[in-house]
Amino acid sequence: MKIANAQFWVHDQDEALAFYVGKLGWEVRSDVTMPEWTFRWLVVGPVSQPDVGLVLMPVPGPPLLDDADSAKMGEFVARGAGGTLFLETDDCQAAYDELSARGVVFNDPPTAQAYGVDTSFRDPSGNNVRLTEIREFVPAAPTSTP
């Protein structure tokens, strides 16, 4: 077995698509609309990792969830309670600079941690994304800026 896809709930699939493809530079893996089900299967992924995708799934409504529960779920996603995507990079500062120039708004600057250099941002729906440059783990390493 292997992981093929992971999934984020999103408020707007087109907005999410524009973010992941336009700002992060990922590619579309699948974009299939099934009108008879009122369903769109939308998968994106990093160009350098063709065997893994991120499904951008709309926050469900009826019949899966009633309107009130759908609204609550949308609020939870907006607060970042939908999970976290962990990305690795060889150079956190360079990735931060490049993505910032493309319009990604970060929560914090790249910061040295015991395990490497780390920063984070959210997608337009509120999903958490962490970007980490893994370094040799040093338990007593200071947590100052690189």
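The notes below deal with the structure included here.

### Quick notes on the pattern of salt bridges
Side chains that carry opposite charge are capable of pairing whenever their charged atoms lie near each other.
At step 1: This model, assessed by the stated rule, comprises seven salt bridges.
At step 2: As a salt-bridge pair, arginine 130 and aspartate 118 come within 2.0 Å of each other at their nearest N and O atoms. Separated by twelve residues along the polypeptide, arginine 130 in strand E8 (residues 128-134) and aspartate 118 in strand E7 (residues 116-122) bring together distant segments of the chain.
At step 3: Taken together, the shared-partner salt bridges connect Asp14, Asp31 and Arg40 into one network.

### With respect to the pairing of strand E3 (residues 39-45)
At step 1: Where burial is concerned, most of E3 is hidden: five out of the seven residues are buried.
At step 2: Between strand E2 (residues 27-34) and the antiparallel strand that follows it, E3, lie four residues; threonine 38 among them carries a positive phi value of about 50°.
At step 3: Relative to strand E4 (residues 53-58), E3 runs antiparallel, the two being bridged by two bridges. When the sheet's bridge partners are listed, valine 44 is paired in E4 with leucine 54.

### Section: helix H1 (residues 13-23)
At step 1: Among the residues of H1, those classed as buried are Gln13, Ala16, Leu17, Phe19 and Tyr20. The buried residues of H1 occupy one face: seen down the axis, they fall within an arc of 165°.
At step 2: Looking at the buried side of H1, the elements it contacts are strand E1 (5-10), E2, E3, E4, E7 and E8.
At step 3: Phi turns positive one or two residues past the end of H1, at glycine 25, with a value near 80°.

### Section: helix H2 (residues 67-78)
Three- or four-residue spacings in an α-helix give side chains the same orientation, since the helix completes a turn every 3.6 residues.
At step 1: For H2, spanning twelve residues, the distance from its first C-alpha to its last is 16 Å, which sits close to the expected 16 Å at 1.5 Å a residue.
At step 2: Among the residues of H2, Ser70, Met73, Gly74 and Val77 are the ones counted as buried. Projection of H2 onto a plane perpendicular to its axis shows the buried side chains occupying an angular sector of 100°, all on one side.
At step 3: One side-chain oxygen at the N-terminal end of H2 lies 3.2 Å from the backbone nitrogen of alanine 68; it belongs to aspartate 66.
At step 4: Backbone geometry just downstream of H2 places glycine 80 in the positive-phi region, at approximately 90°.

### What to know about the sheet that holds strand E5 (residues 84-88)
At step 1: Strand order across the open sheet formed by four strands is E5-E8-E7-E6, with mixed pairing between neighbours. Both outer strands of the open sheet, E5 and strand E6 (106-113), are each paired with one neighbouring strand and no more. Strand-to-strand twist across the sheet, computed as the mean angle between neighbouring axes with direction ignored, equals 20°.

### Digging into the sheet that holds E1
At step 1: In spatial order, the strands read E1-E4-E3-E2; together these four strands make up an open sheet with mixed pairing. This sheet does not close on itself; its edge strands, each paired only once, are E1 and E2. Along the sheet, successive strands turn relative to each other by an average axial angle of 20°, direction set aside.
At step 2: Across six bridges, the pairing between E1 and E4 is parallel.

### Section: the nonpolar core
The tendency in soluble globular proteins is for nonpolar side chains to be buried as a group.
At step 1: Counting residues in hydrophobic clusters, the biggest one holds 21 residues, and the most contacted among them are Tyr20, Leu24, Trp26, Leu54, Leu56 and Phe121.
At step 2: At four residues, the largest contribution of residues to this core is made by H1.
At step 3: Beyond its immediate sequence surroundings of up to four residues, phenylalanine 121 is in contact with Phe19, Leu24, Leu99, Val104, Val105, Phe106, Asn107, Asn127, Asn128 and Val129.

### A closer look at a nonpolar patch on the surface
At step 1: Taken together, Tyr115, Ile134 and Phe137 make up a surface patch of nonpolar side chains, about 310 Å² in accessible area.
At step 2: With respect to the secondary-structure elements, tyrosine 115 resides in the loop between E6 and E7.

So, how was this worked out
Residues numbered from 1 in each chain as written. Predicted model: local features only at pLDDT ≥ 70, side-chain atom pairs only at ≥ 80, totals over all residues. Heavy atoms only, no water. Salt bridge = Lys/Arg side-chain N within 4 Å of Asp/Glu carboxyl O. Helix = DSSP H or I, 4+ residues; strand = E, 2+ residues; numbered from the N terminus. Buried < 20%, exposed > 50% of the residue type's maximum accessible area, 1.4 Å probe, protein only. Pairing = 2+ DSSP bridges. Arc of directions from axis to C-beta. Contact = heavy atoms within 4.5 Å. Expected span 1.5 Å × (residues − 1). Polar contact = N/O pair within 3.5 Å; in protein donor to acceptor, adjacent residues only side chain to side chain. Axes fitted to C-alpha atoms, helices over the stretch in contact; angles between N-to-C directions. Core = buried A, V, L, I, M, F, W, Y, C linked by side-chain atoms within 4.5 Å. Patch = residues over 30% accessible without salt bridge, like charges linked within 9 Å, V, L, I, M, F, W, Y side chains within 5 Å. Areas by Shrake-Rupley, 256 points an atom, 1.4 Å probe, with all protein chains shown as cover.

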